[in-house]
Amino acid sequence: MESNKNKCKECKIKSNAVSILKVDELNILEKGCSQTGFEKGELIFKEGTPSKNIVFIRQGFVKLCKRGVGNRDSILSISKSGAYLGIQNLNRKNRNYYFSAIAITNVKVCFIDIESFDILLKRNGIFASEIISYIFSDEMNYFDRLVNNVQQQLPGRLANALFYFRDQVYNENPFNINLTKAELASLIGTSRESVSRLLKEFQDSGIIQANKNQITILDEPKLKEIKLKG
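This text gives an overview of the structure that appears in the document. Computed from a predicted structure; not experimentally measured. (Residues numbered from 1 in each chain as written. Predicted model: local features only at pLDDT ≥ 70, side-chain atom pairs only at ≥ 80, totals over all residues. Heavy atoms only, no water.)

1. Some details on the pattern of salt bridges
Rule in force here: We define a salt bridge as a side-chain nitrogen of Lys or Arg found within 4 Å of a carboxyl oxygen belonging to Asp or Glu. Runs of E in the DSSP output that reach at least two residues are strands. Runs of H or I that reach at least four are helices, and both are numbered from the N terminus.
The final tally for this structure, using the stated rule, is 13 salt bridges. We note a salt bridge from lysine 224 to glutamate 220, for which the minimum N-O separation is 3.7 Å. Here lysine 224 pairs with glutamate 220, and both are found in helix α8 (residues 220-229), just four residues apart, close to one helical turn. Sharing partners across several salt bridges, the network here consists of Arg166, Asp167, Glu220 and Lys224.

Spelled out as structure tokens, the structure:
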């Protein structure tokens, strides 16, 4: 992990929300912001530890994990460049991280002082509106996947996950999921063996092509039918 101060006014990787800020507001952001790099597999922050920052992903992919029964970690989602992590900690009743964030590729993030972020929310209504819009969109996507995981059978859950990777995480086909089969199993609530078996069935049926971590969706109508049937 390496860190350096970030020049927010000169940054070319601004979120839509930060692009709205005026020069004096960018100065507030800059004073409370530092850019940090993490290598694949490094912990960015840990569930239950005190949170003093909002984390903005500048580059790369991050898995969000939460510990459940039996101290087993479940993967909640994959976040990518443009995502804000830890916004829940603006709630002053709880300033501990709700989940852990781990780099699944090399990652660059900005740690933004939570007090500075809070000042900007109060000073600039358009900035606050953009952040709220981001939160709503992120939550709706998560709720949709949560309902699917609860209601669908395993083939439907895997099909849903493959569309999630293609359309929301990587926005390309083929795509590299940057997860092991055990991690993919954690995301959809099953075992590694079941994921391996079902991926092979999808490939043998000509629905996908799987080459190590690279997956190509070949028969979208069939995969969508499996997803809808659940």
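2. Digging into the pairing of strand β2 (residues 33-38)
Side-chain direction in a regular strand flips from residue to residue, so the side chains alternate between the two faces of the sheet. Formally: In this scheme, a residue with accessible area under 20% of its type's maximum is buried, one over 50% is exposed, and one in between is partly exposed, where area comes from a 1.4 Å probe on protein chains only. DSSP calls a pair of strands paired once it identifies at least 2 bridges connecting them.
Within β2, six of the six residues are buried, leaving the element largely enclosed by the surrounding structure. Taking every second residue as pointing to the same face, both faces of β2 are buried, with Cys33, Gln35 and Gly37 on one and Ser34, Thr36 and Phe38 on the other. In this sheet, strand β9 (residues 107-113) lies alongside β2 in antiparallel orientation, the contact comprising six bridges. Looking at β9, one finds that threonine 36 is bridged to valine 109.

3. Brief notes about the packing of helix α5 (residues 154-170) against α8
Short version of the rule: Helix axes are fitted to C-alpha atoms over the stretch in contact, other axes to C-alpha atoms as well, and angles between N-to-C directions run from 0 to 180 degrees. An angle below 35 degrees is treated as roughly parallel, one above 145 as roughly antiparallel, one from 65 to 115 as roughly perpendicular, and anything else as oblique. It is the rotation of the near helix from the far one that decides the hand of a crossing: anticlockwise by less than a right angle makes it left-handed, clockwise makes it right-handed. Whether two residues touch is decided by their heavy atoms; if any such pair falls within 4.5 Å, the residues are in contact.
Packing of α5 against α8 brings their axes to within 7 Å, and their N-to-C directions diverge by 125°. Considering the angle they form, α5 stands oblique to α8. Considering the relative orientation of α5 and α8, their crossing is left-handed. Two secondary-structure elements touch here, α5 through Pro155, Gly156, Ala159, Asn160, Leu162, Phe163 and Arg166 and α8 through Glu220, Leu223, Lys224, Ile226 and Lys227.

4. A few points about the pairing of strand β6 (residues 73-80)
As paired elements, strand β5 (residues 61-67) and β6 share seven bridges and run antiparallel to each other. Bridge pairing in β6 links leucine 64 to serine 77. Connecting β5 to the antiparallel partner β6 that follows it, the hairpin turn spans five residues, and glycine 70 within it adopts a positive phi of roughly 75°.

5. A short note on the nonpolar core
How we decide: Note on terminology: a nonpolar core comprises buried Ala, Val, Leu, Ile, Met, Phe, Trp, Tyr and Cys residues joined through side-chain atoms within 4.5 Å.
Counting residues in each nonpolar core, the largest one holds 33 residues, and the members touching the most others are Ile78, Phe165, Leu184 and Phe202. Those elements that provide at least two residues to this core are β5, β6, α5, α6 (181-188), α7 (192-204), β12 (214-217) and α8. Every residue in contact with leucine 184, bar those within four places of it in the chain, is listed here: Leu158, Ala161, Phe165, Ile177, Leu179, Val195 and Leu199. Ranked by size, the runner-up nonpolar core spans 21 residues in total, among them Leu29, Cys110, Leu120 and Ile131.

6. Comments concerning the packing of aromatic side chains
Worth spelling out the cut-off: Note on aromatic pairs: the rings of Phe, Tyr and Trp (six-membered ring only in Trp) are paired at centre separations within 6.5 Å, and the planes decide the class, stacked below 30 degrees, edge-to-face beyond 60, tilted for the rest.
Inspection of the entire model under this criterion finds 12 aromatic pairs. Ring geometry for phenylalanine 45 and tyrosine 97: centres 3.9 Å apart, planes at 15°, overall stacked. Remark: tyrosine 97 occurs in the loop between β7 (84-85) and β8 (100-103) and phenylalanine 45 occurs in strand β3 (residues 43-45); sequence separation between them is 52 residues. Classification of phenylalanine 45 as buried rests on a relative accessible area of 5%. When the ring of phenylalanine 45 is compared with that of phenylalanine 99, the centres are 5.9 Å apart and the planes differ by 40°; the resulting orientation is tilted. Separated by 54 residues along the polypeptide, phenylalanine 45 in strand β3 and phenylalanine 99 in the loop between β7 and β8 bring together distant segments of the chain. Taken as a pair, phenylalanine 45 and phenylalanine 99 share a single burial class, namely buried. Chaining the aromatic ring pairs together yields one cluster made of Phe56, Tyr84, Phe117, Phe127 and Tyr134.

7. Considerations on the sheet that holds β8
Hydrogen bonds between backbone groups are what pair the strands of a sheet, and the pairing can be parallel or antiparallel. Taking strand neighbours across the sheet as the criterion, the four strands line up as β3-β8-β5-β6 in an open arrangement whose pairing is antiparallel. Looking at the sheet topology across the chains shown, the edges are occupied by β3 and β6. Direction aside, neighbouring strands of the sheet carry axes that sit 30° apart on average. Judged from the four bridges that link them, β5 and β8 form a sheet pairing that is antiparallel. From the neighbouring strand, leucine 64 faces β8, where its bridge partner is alanine 101. In this fold α6 packs onto β5 and β6, with an angle of close to 95° to the strand it touches most, β6.

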